[in-house]
Each structure stands twice: as C-alpha cells, then as structure tokens.
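What follows is each chain in one-letter form.
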Amino acid sequence: MSHRILVPVKRVIDYAVKIRVAGGKIDTNVKHSMNPFDEIAIEEAVRLKEAKKATEVVTVTVGSTKSQETLRTALAMGADRALHVEVPESAEVQPLEVAKILKAIVAKESPSIVLLGKQAIDDDAGQTGQMLAGLLDWPQATFASKVELNDSALTVTREIDGGLETVKTTLPAILTADLRLNQPRYATLPNIMKAKKKTIEKLSPGDLGVDVTPRIKVLEVSEPPKRQAGKTVGSVDELIDKLKNEAGVI
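These remarks concern the structure in this document. (Residues numbered from 1 in each chain as written. Predicted model: local features only at pLDDT ≥ 70, side-chain atom pairs only at ≥ 80, totals over all residues. Heavy atoms only, no water.)

**Description of the pairing of strand β7 (residues 81-86)**
Line of reasoning, step 1. Alignment of strand β6 (residues 56-63) against β7, held across 6 bridges, turns out to be parallel. Bridge pairing in β7 links V62 to V85.
Line of reasoning, step 2. Considered for its hand, the β-α-β crossover made up of β6, helix α2 (residues 68-77) and β7 is right-handed.
Line of reasoning, step 3. With 4 bridges connecting them, β7 and strand β13 (residues 200-203) associate as parallel partners. Opposite V85, over in β13, you have L203 as the bridge partner. (Pairing = 2+ DSSP bridges. Helix = DSSP H or I, 4+ residues; strand = E, 2+ residues; numbered from the N terminus. Right-handed = clockwise from strand over helix to strand, strands pointing away.)

**Quick notes on the pairing of strand β8 (residues 113-117)**
Line of reasoning, step 1. With respect to burial, β8 is a largely interior element, 5 of its 5 residues being buried.
Line of reasoning, step 2. In this structure, strand β1 (residues 4-9) lies alongside β8, joined through 2 bridges in parallel fashion. Its bridge partner being in β8, I5 is matched across the sheet by I113.
Line of reasoning, step 3. Taken together, the 5 bridges between β8 and strand β12 (residues 173-177) define a ladder with parallel strand orientation. Note on β12: the bridge partner recorded for I113 is A173. (Buried < 20%, exposed > 50% of the residue type's maximum accessible area, 1.4 Å probe, protein only.)

The following block contains the structure:
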C-alpha cells in the first residue's frame, strides 16, 4: 500500500540566536531557519520513504515570501514536492488558522500521515497537530520518539512523564515528532542545488477558504528580569543571615 506523508514546516528565529525585545515586541531582523522539531519531522518522513514504507513526501508552509527558503531546505533534505500558502510578512497566523489551512491541504493531497513537529520554538503553542486531528476527526499520536509504519497502522512510542508509552493507531493519522525521534541530516550541496530548481506550488488562504484573522492579540512581550550577581560570604552564619534578612527565603 502506498503512503503519502504531508510534513508542515515553519520558518522561525534560529534556535542559536539570542532573542531581543524592543518596544514591547520581539526583534525579528535576525537569522531565521526551519523550526527544529519540523526538521525532525522531515527527517523521519524521508527515512520512511527510504525504507520503502512511503512513496512521497510533500512539505507545506504558511508564511511570507521568505518562507520559501524553509521549503527549499526541506526539499534539499529529501522532500519530493512543496506547497507555499503565502501570507504577508506582517500577518500573524495562529495555530487554529494553520490547522484549518492544513485541513484544506489534506483534502487536496490525500496523505496517509500528517507528520508535524510537536511545537514551534517561537510561540511554543504545541497545538496545531492536535487541532488538525480534531478538525479531521483522525486519530493522533503525539510526542513520538519512535515510529513504526506498516500498510494500515502506526505503532508509536511516546515520551511521557513516567517513562515511555507505546500506542497503535489506524491510518490516516496525525503524528507529531519529539526531540529524540531522530537526528536530522545535513543537506548535501548537490541536493541544495537541485532543490533550488524545484517548483514550489503557491496558494493563498483565500484559495483554501480560510480566514486567517487572529483571534488572540499579544499585548506586550517583555524580557525576564536580569539575574543579580552572586555574593561571596565568609561563614555559614553570614550565609544564613543573608538568606534570612536579604533574600527572605528562610
């Protein structure tokens, strides 16, 4: 049985960049890259295809023109095709709207699996996969650290507080990738060059019948208070005194 895997990806501020806040907003004029959990999702989809468990990997993103570079990265890693649902750079597309867009993409592409990163590192919402499962009325297996696919079912090992949980679900299904699912590959130069020549199909939310007007408004973003410098004390009695009278913790 042939399986098509749909992998949504997101362009976010690079994980190694120190976030700066100015005027109550995050400074976005910094390096961006693919959301790390989405890289893991792409890698797992490509591995399933290499193992002959899937026939095609399709990637999709919702974002501005700059998001094309994220799709090119996914193509260079091994995705076969890419779809770009383009929105203005100023647009804030929230998880529910992304899930509605993905529902429409699922209707268009008919995948057996939608494989997402468990969360994006910019908003840390961790909602899109679960919302998509609800909208489609599909089974879901979230926070996957191991995936086994056969013709009609997924067996997924999940990381939970008490250890590991193994679940089995029928297809089609929603799957979200956790950090320890795999180690994403680096795209090779030949594949990067090939990816630059591949055609990216462009769509708009309107084409898919989705209104992306935000339902939640971020009022302000602020940095956490700066940590105060430590102090050296000369004795246990002095330490106790400072903890009691200055820090107020005892």
